[in-house]
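Listed here are the chains, written in short residue letters.
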Amino acid sequence: MERLHKLLAHAGFGSRRSCEDLIVAGRVSVDGVIVRTLGVSVDLATQVVRCDGEVIRTEPKVYFLLHKPRGYVCTSDDPMHRPKVIDLFHGVYQRIYTVGRLDGDSDGLIVVTNDGELTNLLTHPRYGVAKTYRVVVNGYVSGEQLEKIQKGVWLSEGRTSQLKVRVHKRSRDMTVMDVTLREGMNREVRRIFARIGHKVRSLTRIRIGGLVLGDLRAGDYRAITREQILTMMQAPEPREKPKRERPRRERPRGERPRQKPKRDRK
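Predicted model, so just to flag it, every value in this text is computed and none were measured.

**Things to note about the environment of Asp178**
Item 1. On the secondary structure map, Asp178 appears in strand 14 (residues 174-181).
Item 2. What makes Asp178 buried here is its relative accessible area of 10%.
Item 3. Taking the C-alpha atoms as reference points, Asp178 and Arg205, 27 residues apart in sequence, are found 9.3 Å from one another.
Item 4. Ignoring any residue separated from it by four or fewer positions in sequence, one finds Asp178 in contact with Thr132, Tyr133, Arg134, Lys164, Val165, Arg166, His168 and Ile206.
Item 5. Separated by 3.0 Å, the side chains of Asp178 and His168 make a polar contact.

**A closer look at the pairing of strand 14**
Item 1. Of all eight residues making up strand 14, seven are buried, and the element is well covered by its neighbours.
Item 2. In the sheet, strand 10 (residues 131-138) pairs with strand 14 via eight bridges, with the strands oriented antiparallel. Bridge pairing in strand 14 links Val136 to Val176.
Item 3. With six bridges connecting them, strand 13 (residues 164-170) and strand 14 associate as antiparallel partners. Each bridged residue has a counterpart across the sheet, and for Arg170 the counterpart in strand 14 is Thr175.

**Focus: the packing of aromatic side chains**
Item 1. The tally for this structure, following the rule as stated, stands at three aromatic pairs.
Item 2. Judged by centre distance (5.1 Å) and plane angle (55°), the rings of Phe64 and Phe89 are tilted. Taken together, the residues Phe64 in strand 7 (residues 63-68) and Phe89 in the loop between strand 7 and strand 8 (97-99) connect sequence positions 25 residues apart.
Item 3. Looking at Phe64, the relative accessible area reads 9%, which means it is buried.

What counts, and where the lines are drawn
- Per chain, the residues get numbers from 1 upward, laid out in the order the sequence is written.
- Given that the model is predicted, a residue must reach a pLDDT of at least 70 before its local features are reported, and side-chain atom pairs must reach 80 or more before they are shown or counted; all residues, however, enter totals for whole chains, interfaces and linings.
- The basis for every side-chain value is the complete set of heavy atoms in the structure, and neither hydrogens nor water enter the calculation.
- Labels follow the DSSP assignment, with helices taken as runs of H or I lasting at least four residues and strands as runs of E lasting at least two, numbered in each case from the N terminus.
- Working definition: with a 1.4 Å probe on protein chains only, accessible area under 20% of the residue-type maximum means buried, over 50% means exposed, and in between means partly exposed.
- Throughout, a contact is declared for two residues whenever any of their heavy atoms are within 4.5 Å.
- For the purposes of these results, a polar contact is taken to be a pair of N or O atoms within 3.5 Å, where, inside protein, one atom must be able to donate a hydrogen and its partner to accept one; residues adjacent in sequence count only when each atom of the pair is a side-chain atom.
- DSSP-based pairing: two strands are paired if at least 2 bridges between them are found.
- A pair of aromatic rings is counted whenever rings of Phe, Tyr or Trp (Trp by its six-membered ring) have centres within 6.5 Å, and the orientation is called stacked for planes under 30 degrees apart, edge-to-face for over 60 and tilted otherwise.

This is the structure we're talking about:
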């Protein structure tokens, strides 16, 4: 016996919460009778469960790490007929879906599976799984601006939580940095930098907890096990190496600095 909403989630119909919404909306039936009550337990060995008329069957769980290309959307049904992430998978008969989302203009690491329980673990705000993005923005982002966004800025949904920023390169034309956050407002990173006057040129997710993008090329994916995912999710985040400063030599008072000998020109 298994709770109905949990069974639906395991079958790939979404998170447990979204499956509860399916039940309440009257889209799920057990032995031909529509069930709207939450908490009902069923047994697929002796009962027939349908969602929107589709018979629910248990299927093996599959797990993939994918480098989502730009231009692809993380949805199972797109009225605009744009390329979908699940279209990249061939020979996979399970009903798979993306864990979380990356907007169409972004690329990078995303988990694809049919395991609703794992999806809940990776996406629920309670668990606060960190996600890191390589971000390139227009213009020079000042130290004052970095301090502001790290403390949090106000968006329409409220104030963003604190985030980490590691700058790789700054010039008058652009700034390259890694941004790590633990929440997932819609297009949050882009909106944060727009708030301080910098348009995002490119955004690539390079890390989810302990899962890393590595050398996966855009459009490529590799199979992984649930155990590997859970093990890597528990791995500590990499620490930034502190910059080593050369010790300054104290000169006795009155001592003149040593001058480099001049070379004779011939």
